[in-house]
Amino acid sequence: MITGSIVALVTPLHSDSLEVDWDALKNLVEWHIEQGTDGIVPVGTTGESATVDVKEHCAIVKHTVEVVKGRVPVIAGTGANSTKEAIYLTQSAKEVGADACLLVTPYYNKPNQKGLFEHYKAINDAVDIPQILYNVPSRTGCDLKNETVISLSQLSNIIGIKDATGELERINFLKNKVEENFIFISGDDLSFLEYMKRGGQGVISVTANITPALMHTICSHILKADIEKAENINEKLRSLHQAMFIDSNPIPVKWLLNHLGLIKQGIRLPLVELDIKYHSVMIEAYEATK
């Protein structure tokens, strides 16, 4: 069910007030479904989960679920560096009908591996909903080690991992050591094709915010083992994959979406709008995809 190109959806904000732009969110979701996006992740890192408040967070998930109406999976970002808060967000996502939850490793407080296991076990035990681990140590300062992933894969509600490390040897090591139906999802646009070639089922993608149809097509080709076609299309996206991280995510992707007329300007402090020196880089990277 959870395969292919899954967009790490931005959270549109009104440029004058920085309140959530609910109409733009609805339009983005409808556009993604029309373009073939295989799944939607609201309020992940790209959705500014670190700066929306808890009430907004829950409302964004609810709104997304209501617009999607079961047409594609909704995987709600519900991770937090407080286990209690992560349980609350995960329970809220379940109550509004999310299909699964994405749980980033606790950031800033840097738990050890035992703490990580107990954190995820507590969420697993508290909320009966499919849960995907999310490892992105470059942002959290916390690395979920392979041995801990193996232990967590045995828990009833933990169904997979989003790996944003870009370290491809991890999937090689894990794929024959975890539970049989464990899902491997790339969280790194630059290496996702190789990750999927090694057995990954999909990607949670920032680039998919901009080129959803192309990302869907690439993933479809890989899942059908038509690697050459996938690589040819992905080569057109290489500059865009790189440009998405020319500054802290989601600064570049939100600027480009605004440039394309899909959302208003609006990003919350401490993030600021993209520096003008990068504008031409973003435009050139987008034009290269055509």
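In the block above lies the structure referred to throughout.
Presented here is an overview of the structure given in this document. Once a new chain begins, its residue numbering starts again from 1 and follows that chain's sequence as written. In view of the model being predicted, local features appear only for residues whose pLDDT reaches at least 70, and side-chain atom pairs are presented and counted only at 80 or more, with totals across whole chains, interfaces and linings using the full set of residues. Based on all heavy atoms of the structure, the side-chain values leave hydrogens and waters out of the count.

## Describing the overall build of the protein
- A tally of regular secondary structure across the protein gives 12 helices and 8 strands.
- Against the globule reference of 19 Å for 290 residues, the protein gives a C-alpha radius of gyration of 18 Å, in line with a compact fold.
- Taking the principal axes of the C-alpha coordinates as reference, the protein spans close to 45 × 45 × 35 Å.
- Any residue under 20% of the maximum accessible area for its type is buried, any over 50% is exposed, and the rest in between are partly exposed; the area is computed with a 1.4 Å probe on protein chains only. Taken over 290 residues, the protein has a buried fraction of 54%.
- Contacts: residue pairs with any heavy atoms within 4.5 Å of one another. Taking contacts inside the protein between residues at least 6 apart in sequence as the whole, the part at least 24 apart equals 71%.
- Per-residue and other accessible areas were derived by the Shrake-Rupley procedure at a 1.4 Å probe size, with only the shown protein chains allowed to occlude residues. Of the accessible surface of the protein, which amounts to about 12,500 Å², a share of 49% is contributed by carbon and sulfur atoms.
- The charged-residue count follows a simple rule in which Lys and Arg add positive charge and Asp and Glu add negative charge, with His and chain termini not counted at all. For this purpose, a charge sits on NZ of Lys, CZ of Arg, CG of Asp or CD of Glu. If you average the places of the 27 positive and of the 36 negative side-chain charges in the protein, the two averages end up 2 Å apart. The numbering of helices and of strands both runs from the N terminus, where a helix is a DSSP run of H or I of at least 4 residues and a strand a run of E of at least 2. Note on method: radius of gyration uses C-alpha positions; expected globular size equals 2.2 Å times residues raised to 0.38.

## Points about the packing of aromatic side chains
- Planes of paired rings set the category: under 30 degrees apart is stacked, over 60 is edge-to-face and the rest tilted, where pairs are Phe, Tyr or Trp rings (Trp by its six-membered ring) whose centres lie within 6.5 Å. Within this structure, the stated rule accounts for 1 aromatic pair.
- Stacked on the ring of phenylalanine 173, the Lys or Arg lysine 177 has its end atom at 4.4 Å from the ring centre. Both a distance and an angle decide whether a charge sits over a ring: NZ of Lys or CZ of Arg must be within 6 Å of the ring centre and within 35 degrees of the ring normal.

## Quick look at the layout of surface pockets
- Here the term cavity refers to a set of points on a 1 Å grid, laid over the protein atoms alone, in which a 1.4 Å probe fits but cannot get out; the term pocket refers to an open set having protein on both sides within 12 Å along at least five of seven lines, with lining residues being those that place an atom within 4 Å of a point. Grid points are joined across faces, edges and corners, and a volume is the space filled by probe spheres set on the points. Computed from the structure, the largest pocket encloses a volume of approximately 520 Å³.
- Lining of the largest pocket is provided by 28 residues; of these, Thr45, Glu48, Ser49, Ala50 and Tyr107 occupy positions nearest its centre.
- Secondary-structure elements contributing two or more residues to the lining of the largest pocket are helix H2 (54–68), helix H3 (83–96), strand S4 (100–104) and helix H5 (137–140).
- The residue inventory of the lining of the largest pocket, partitioned by class, reads 14 nonpolar, 10 polar and 4 charged.
- Size it by volume and the second largest pocket reaches roughly 240 Å³.
- If you go around the second largest pocket, you meet 16 residues; those closest to its centre are Tyr134, Val136, Ala164, Gly187 and Phe245.
- Of the residues that constitute the lining of the second largest pocket, the class distribution is 8 nonpolar, 5 polar and 3 charged. Under the scheme applied, nonpolar residues are Ala, Val, Leu, Ile, Met, Phe, Trp, Tyr, Cys and Pro; charged residues are Asp, Glu, Lys and Arg; polar residues are all the others, including Gly.

## With respect to the nonpolar core
- Think of a nonpolar core as a cluster: buried Ala, Val, Leu, Ile, Met, Phe, Trp, Tyr and Cys residues, connected wherever their side-chain atoms sit within 4.5 Å. Formed by 53 residues in total, the largest nonpolar core has its most connected members in Val29, Phe192, Ile210, Ile218, Met244 and Leu256.
- For this core, the elements supplying multiple residues, two or more each, are helix H1 (22–35), H2, helix H8 (192–197), helix H9 (212–223), helix H10 (227–243), helix H11 (251–259) and helix H12 (279–287).
- Among residues more than four places away in sequence, those in contact with isoleucine 210 are Trp31, Leu240, Met244, Val253, Leu256, Leu257, Leu260 and Tyr286.
- Formed by 22 residues, the second largest nonpolar core is a distinct cluster that contains Ile158, Ile171, Phe182 and Tyr195.

## Describing empty space enclosed by the protein
- What the rule picks out here adds up to 4 cavities of 30 Å³ or more.
- By volume, the largest cavity amounts to about 90 Å³.
- Along the walls of the largest cavity sit Ile251, Lys254, Trp255, Asn258, Gln265, Gly266, Ile267, Val272, Glu273 and Leu274, which together make up its complete lining.
- When its residues are assigned to classes, the lining of the largest cavity shows 5 nonpolar, 3 polar and 2 charged.

## Remarks on H10
- Between the first and last residue of a helix there are one fewer steps than residues, each counted as 1.5 Å, and that sum is the expected span. With 17 residues, H10 should reach 24 Å at 1.5 Å per residue; the first-to-last C-alpha distance of 24 Å fits that figure.
- Two axes are fitted around each residue, one to the seven residues ending there and one to the seven starting there, and the angle between them is reported as the bend at that residue. Leucine 237 marks where H10 bends most, by close to 45 degrees.
- By the burial criterion, the buried members of H10 are Ala230, Ile233, Asn234, Leu237, Leu240, His241 and Ala243.
- For H10, the secondary structure elements touched by its buried residues are H8, H9, H11 and H12.

## Comments concerning the packing of H1 against H2
- Between H1 and H2, the shortest axis-to-axis distance is 10 Å and the interhelical angle comes to 45 degrees. As the angle between them shows, H1 and H2 are arranged oblique. H1 and H2 meet at a crossing whose hand is right-handed. Every residue of H2 that contacts H1 at Trp22, Leu25, Lys26, Val29, Glu30 and Ile33 is listed here: Ala59, Ile60, His63, Thr64, Val67 and Val68.
- Residue composition of the contact of H1 with H2, grouped by class: 8 nonpolar, 2 polar and 2 charged. Angular values range over 0 to 180 degrees, each being the angle between N-to-C directions of two axes fitted as lines to C-alpha atoms, with helices fitted over their stretch in contact. Under this scheme an angle from 65 to 115 degrees is roughly perpendicular, one under 35 degrees roughly parallel, and one over 145 degrees roughly antiparallel; angles in between are oblique. Left-handed describes a crossing whose near helix is turned anticlockwise from the far helix through less than a right angle; right-handed describes the clockwise counterpart.

## Regarding the sheet that holds strand S6 (residues 158–163)
- Ordered by their spatial adjacency, 8 strands build an open sheet running S2-S1-S8-S7-S6-S5-S4-S3, and the pairing between neighbours is parallel. The open sheet has two free edges, formed respectively by strand S2 (39–41) and strand S3 (75–77), since each of these has just one partner strand. Taking each pair of neighbouring strands and ignoring which way they run, the sheet shows an average axis angle of 30 degrees.
- The criterion for strand pairing is that DSSP finds at least two bridges linking the strands in question. Here 3 bridges tie strand S1 (residues 4–8) to S2, and the two strands are oriented parallel to one another. What sits directly across from isoleucine 6, in S2, is glycine 39.

## A word on the pairing of strand S5 (residues 131–135)
- Of all 5 residues in S5, 5 are buried, a share of seventy percent or more.
- The alternating pattern of S5 places Gln131, Leu133 and Asn135 and Ile132 and Tyr134 on opposite faces, both of which are buried.
- Summarising the sheet, S4 and S5 pair through 4 bridges and their orientation is parallel. The residue of S5 that forms the bridge with leucine 102 is isoleucine 132.
- When the strands point away from the viewer and the path from the first strand over the helix to the second turns clockwise, the crossover is right-handed. Assessed by its sense of winding, the connection that carries the chain from S4 through helix H4 (residues 113–126) to S5 is right-handed.
- With 5 bridges connecting them, S5 and S6 associate as parallel partners. From the neighbouring strand, leucine 133 faces S6, where its bridge partner is isoleucine 161.

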